[in-house]
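A structural walkthrough
Each chain, written out:
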Amino acid sequence: PLYQVFCQMTGFGGTTQVADEDKAKSIKPVEGAKIIKVFFMANVHSAMPWEFKPTQREVRIVPGETALAFYTVKNTKDYPVTGVATYNVHPPKTGLYFSKIQ
């Protein structure tokens, strides 16, 4: 838990910030900022029988703008499989500038 807090506070290892509802409401696009492209990837462990991919390859946003990202998953087995999706950003030092809003 302490390591997780450290990573979220510093963006260490590509860990994003976590924004609660109040913070999410206060996020505003930066006027006059250049548009940046955010690319999405998906990797699945070789033992996981899933096909997992981003629904969109990229989004174009300005800093401070919120955007949604969707992923599609398909279980390739004929029985239920449970897994957990994790996320981070790359290069790792950019984690400090991204907020995950749930």
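What you see is a predicted model; the values in this text were computed from it and never measured.

Time to look at the layout of surface pockets. Considering only enclosed or pocket space, the largest pocket measures out at about 1,900 Å³ in volume. If you go around the largest pocket, you meet 45 residues; those closest to its centre are T16, F40, Y87, N88 and V89. Breaking the lining of the largest pocket down by element, the ones donating at least two residues are α2 (21-26), β2 (36-39), β3 (50-54), β4 (58-61) and β6 (99-101). No other element matches the 4 residues that β2 contributes to the lining of the largest pocket. Grouping the constituent residues of the lining of the largest pocket by class yields 29 nonpolar, 11 polar and 5 charged.

A separate point is the confidence of the model for the protein. Looking at the protein, the pLDDT average stands at 86 and 98% of residues meet or exceed 70. Across the protein, the secondary-structure element scoring lowest on mean pLDDT is helix α1 (residues 2-10), at 74, and the one scoring highest is β4, at 95.

Another aspect to go through is the pattern of salt bridges. Evaluation of the coordinates by the stated rule reveals 1 salt bridge. Among the salt bridges present, the one from E58 reaches R60, with a minimum N-O distance of 3.1 Å. The class of E58 is partly exposed, set by a relative accessible area of 24%. Take R60: its relative accessible area is 55%, and that puts it in the exposed class.

Quick look at the side chain of Q56 now. Structurally, the position occupied by Q56 is in the loop between β3 and β4. At 3.4 Å, the side chain of Q56 and the backbone nitrogen of F70 are in polar contact. Contacts of Q56, omitting those with residues within four sequence positions, involve F40, L68, A69 and F70.

This part covers the environment of P92. For P92, the location among the structural elements is in the loop between β5 (71-75) and β6. A residue is classified by how much of its surface remains accessible, and P92, at 34% relative accessible area, is partly exposed. Measuring from C-alpha to C-alpha, the distance between P92 and G11 comes to 7.2 Å, with 81 residues separating the pair along the chain. Filtering out sequence-adjacent residues up to four positions away, P92 remains in contact with G11, G13 and G14.

Here we take up the packing of aromatic side chains. Under the definition given, this model contains 2 aromatic pairs. Between F40 and Y71 the ring centres are 6.4 Å apart and the planes differ by 85 degrees, which places this aromatic pair in the edge-to-face class. Placement of F40 in the loop between β2 and β3 and of Y71 in strand β5 is noted, with a sequence separation of 31 residues between them. Taken together, a centroid distance of 5.1 Å and an interplanar angle of 15 degrees make the contact between F52 and Y71 stacked. Of the two residues, F52 sits in strand β3 while Y71 sits in strand β5, which places them 19 residues apart along the sequence. By relative accessible area, Y71 is classed as partly exposed at 33%.

Definitions and limits used
Residues numbered from 1 in each chain as written. Predicted model: local features only at pLDDT ≥ 70, side-chain atom pairs only at ≥ 80, totals over all residues. Heavy atoms only, no water. 1 Å grid on protein atoms, 1.4 Å probe; cavity = no way out; pocket = protein on both sides within 12 Å on 5 of 7 lines; lining within 4 Å. Points joined across faces, edges and corners; volume = space filled by probe spheres on them. Helix = DSSP H or I, 4+ residues; strand = E, 2+ residues; numbered from the N terminus. Nonpolar A, V, L, I, M, F, W, Y, C, P; charged D, E, K, R; others polar. pLDDT = per-residue confidence, 0-100. Salt bridge = Lys/Arg side-chain N within 4 Å of Asp/Glu carboxyl O. Buried < 20%, exposed > 50% of the residue type's maximum accessible area, 1.4 Å probe, protein only. Polar contact = N/O pair within 3.5 Å; in protein donor to acceptor, adjacent residues only side chain to side chain. Contact = heavy atoms within 4.5 Å. Phe/Tyr/Trp six-rings, centres within 6.5 Å; stacked < 30°, edge-to-face > 60°.

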